[in-house]
Amino acid sequence: MRFLVIGSLNVDMLFHVPHIVMAGETIQSGGLKLSAGGKGANQAASMGKAGLPVSFAGKIGGDGIWILDLLRDYGVDVSQTVVSMDIHTGQAIIQIDGKGQNSIILNPGGNMEFTTEEISSILSSFEEGDVLVLQNEINLIPEIILRAKDKGLRIVFNPSPFDDGILNYPLDCIDLFFVNEIEGAALAQTEVAHDDMGYKAILERLSNKYPKAGIVLTVGKHGAYFKDLSVCCYAPIVDFPVVDTTGAGDTFCGYFLAGIYMGKSPQKSLELASIASAYAVSRHGAMQSMPTIMEVTG
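Note that the coordinates shown come from a computational prediction; the quantities given were computed from them, not determined experimentally. (Residues numbered from 1 in each chain as written. Predicted model: local features only at pLDDT ≥ 70, side-chain atom pairs only at ≥ 80, totals over all residues. Heavy atoms only, no water.)

This part is about the sheet that holds strand β12 (residues 214–218). Across the sheet, which stays open at both edges, the eight strands sit in the order β4-β1-β9-β10-β11-β12-β13-β14 with mixed pairing between neighbours. Lying at the two open borders of the sheet, with one neighbouring strand each, are β4 (54–57) and β14 (232–235). Taking the axes of each pair of neighbouring strands and ignoring which way they run, one obtains an average angle of 15° across the sheet. When strand β1 (residues 3–6) meets strand β9 (residues 131–134), the two strands line up parallel, connected through four bridges. Note on β9: the bridge partner recorded for Phe 3 is Val 131. (Pairing = 2+ DSSP bridges. Helix = DSSP H or I, 4+ residues; strand = E, 2+ residues; numbered from the N terminus. Axes fitted to C-alpha atoms, helices over the stretch in contact; angles between N-to-C directions.)

Bringing the pattern of salt bridges into the picture now. Pairing between side chains becomes possible if they bear opposite charge and their charged atoms approach one another. As enumerated under the stated definition, the model contains eleven salt bridges in all. Two residues, Asp 196 and Lys 200, come together in a salt bridge whose shortest N-O distance is 3.4 Å. A residue pair is termed a helical-turn pair when its members lie 3 or 4 positions apart in one helix, as Asp 196 and Lys 200 do in helix α6 (residues 196–209) at four residues. With a relative accessible area of 38%, Asp 196 lands in the partly exposed category. Taking the shortest distance from any N to any O, the salt bridge between Glu 295 and Arg 283 comes out at 2.5 Å. Of the two residues, Glu 295 sits in helix α9 (residues 293–297) while Arg 283 sits in the loop between α8 (266–281) and α9, which places them twelve residues apart along the sequence. (Salt bridge = Lys/Arg side-chain N within 4 Å of Asp/Glu carboxyl O. Buried < 20%, exposed > 50% of the residue type's maximum accessible area, 1.4 Å probe, protein only.)

Structure, rendered in structure tokens:
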């Protein structure tokens, strides 16, 4: 079994600010740092650091090539990534306040310029039983889902950032969803929950709507849940000091998949992912902050 992430890659510009800027306000940043990001690249980095056999396929300009070197260092195969000198790499402006909370502005760049021919070429290297991991920061998602399902790939989908168009995607083809409480409520077409009873109601609604799929629901400081037709389980957060929450959800995704790949139960996989996410939020940056499998397992 091999893992393929088709997803976004961004050059992140991190501004450390006293508070998230308000409309009409100008504030001074305490620092600026260039970092590697994009949900696709982040999840691939997390999976690579967790020891999974993972390939990343993105679309970038020459300004993003340095991030491919970084991904290689994390154990990620980047040979499927499309590099074009006619486009620019996706960009993200990230504000991080004194409590570690963030606000993000994205410009997609090459992330939204995949062609059907490029997708066909990428998928041709993978076969039945392999796992495809997708987010919602690239174009052609419905086509990618259908082509991957036709090849017999198992499909993991993180519908982030969420928009109403996702409800028209061929979601019956998805084998595993990763959602937070906001995305989960939107996908379930219900109100956002704020307590255990509400989170379980979202899980139940999603499981009824997509009975063939497993659901991972992360709810920030309230922990994370998993549900499919045979099991429902929960893991609390591991309480580390919060420095920067950027990439925490992507870390969780990669390590949960690693747990399942290692033969762990959904419960143990949630616990593994919670430990990994705790390490990630205690450090600055996105993929750079993600722990290795040796750190997580001791």
